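What follows is the residue order along each chain.
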Amino acid sequence: MIVFPDKFKMTGTDAGRSADGRDIINLQITVSDTGTGISKEDLGKLFAKFERLDLERNSTKEGTGLGLAITKRLLDMMNGSIEVESEYGWGSTFKLTIPQVVTSRESIGNFKEKFEKSLGEKAEYHESFRAPDAKILIVDDTRMNLIVATQFLKDTGLNIDTAGGGREAVELALESKYDVILMDQRMPEMDGAAALKEIKSHTDGPNIDTPVICLTADAVIGARERYLAKGFNDYLTKPIDSISLESMLRKYLPAEYVSTFPDKKEILDNSLAEGDLELYGVNVHSLKSTSAVIGAESVRTIAAKLEKAAMSGENKDLTPDHEDLMRLYESVMRSISSVITDEAVPAEDDDGDILEFAPD
């Protein structure tokens, strides 16, 4: 079955009020496919258990004949319904109706537009911070989820430990200090809330004050408040993506992780002097992104201008803008360092050092 985004629709119509006086809508989901369709004589068998229709045409396809039977059972449990229209040889349209209590009338906006925007953001992704001195723990009972999260963060320089369950997480958290703990909620034996409670019960433990972020597929309204009440500092919905994950870590990682980048200025100076605009463009791009993260708009503006000029191969003198960029960026980083930690301030004669900001 091939499902096209423009043939997936969600609508809602008012359906009265619940017994406790809350508004109810009928959430309607319509999905159209370009499969082989269903003959009229088979439509009546569609939701029966272990029924596989049109075996002659579907002999190469695997399946038990339980999918739609389970779907209908779930809908029945939610007081919903499912309708099917099909043209044999051309495809089918399934319409699901599910009564839902309205918890908010706030518009969620155009889903398709947001989805397409998110794809564009992912295509342009590169890490938004580096924190080689920070250490985090990621807890999930599914190994693939641990691999994905670790890969998302591989370019940030973070030191990452992983745990495959709540008990292992507690053991690690009692042995090592972490700057942030990402904790899956739904795990066997010991779930995330229980593991969090156990970690925080050790008042002399190294992670008594460590922020713990809940990882959960529970994305309904009110979920954040529920997990905060359990003791989590915040929550992140699954499946996680690199942008949301980095944003959450920037919010909770300690601000003092500022690392020196002594060769950045030298690389930029040399690549510009040698006419290697490709190398210059790559490095000035990283300054643009770092500046955007910390809100240094003047630096970001000049860096963006230089990146565009370098990558387009414009044959003009970039030196004046380059020198302005170096002065501004150095000034901004010195200011940040003086506020965060005295040790991070470069020596007066160390004009070559450029600081790279980790999260704030």
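For the structure itself, consult the block above.
Given the structure is predicted, the values throughout are model-derived calculations rather than measurements. (Residues numbered from 1 in each chain as written. Predicted model: local features only at pLDDT ≥ 70, side-chain atom pairs only at ≥ 80, totals over all residues. Heavy atoms only, no water.)

## Observations regarding the overall build of the protein
Here comes step 1: Counting its regular elements, the protein contains twelve helices and eleven strands.
Here comes step 2: In the protein, which comprises 360 residues, the proportion classed as buried is 38%.
Here comes step 3: Sequence separation of 24 or more characterises 58% of the internal contacts of the protein that already satisfy a separation of 6 or more.
Here comes step 4: For the protein, the exposed area adds up to about 21100 Å²; of that, 51% sits on carbon and sulfur atoms. (Helix = DSSP H or I, 4+ residues; strand = E, 2+ residues; numbered from the N terminus. Buried < 20%, exposed > 50% of the residue type's maximum accessible area, 1.4 Å probe, protein only. Contact = heavy atoms within 4.5 Å. Areas by Shrake-Rupley, 256 points an atom, 1.4 Å probe, with all protein chains shown as cover.)

## Comments concerning the environment of threonine 36
Here comes step 1: Take threonine 36: it is sitting in the loop between strand E2 (23-33) and helix H1 (40-43).
Here comes step 2: Each C-alpha atom of the pair threonine 36 and glycine 89 lies 4.6 Å from the other, and the pair is 53 residues apart in sequence.

## What to know about the packing of helix H5 (residues 166-175) against helix H6 (residues 192-201)
Here comes step 1: For the pair H5 and H6, the least separation of the axes is 9 Å and the interaxial angle reads 20°. On the basis of their axis angle, the class for H5 and H6 is roughly parallel. Where H5 crosses over H6, the handedness of that crossing is right-handed. Contact residues: Gly166, Ala169, Val170 and Ala173 in H5; Ala195, Glu198 and Ile199 in H6.
Here comes step 2: Residues of the contact of H5 with H6, tallied by class, amount to five nonpolar, one polar and one charged. (Axes fitted to C-alpha atoms, helices over the stretch in contact; angles between N-to-C directions. Parallel < 35°, antiparallel > 145°, perpendicular 65-115°, else oblique. Left-handed = near helix turned anticlockwise from the far one by under 90°. Nonpolar A, V, L, I, M, F, W, Y, C, P; charged D, E, K, R; others polar.)

## What to know about the environment of serine 312
Here comes step 1: Here serine 312 is to be found in helix H11 (residues 297-312).
Here comes step 2: A distance of 3.0 Å separates the side chain of serine 312 from the backbone oxygen of lysine 308, its partner in a polar contact.
Here comes step 3: A distance of 3.0 Å separates a polar atom in the side chain of serine 312 from the backbone oxygen of alanine 309. (Polar contact = N/O pair within 3.5 Å; in protein donor to acceptor, adjacent residues only side chain to side chain.)

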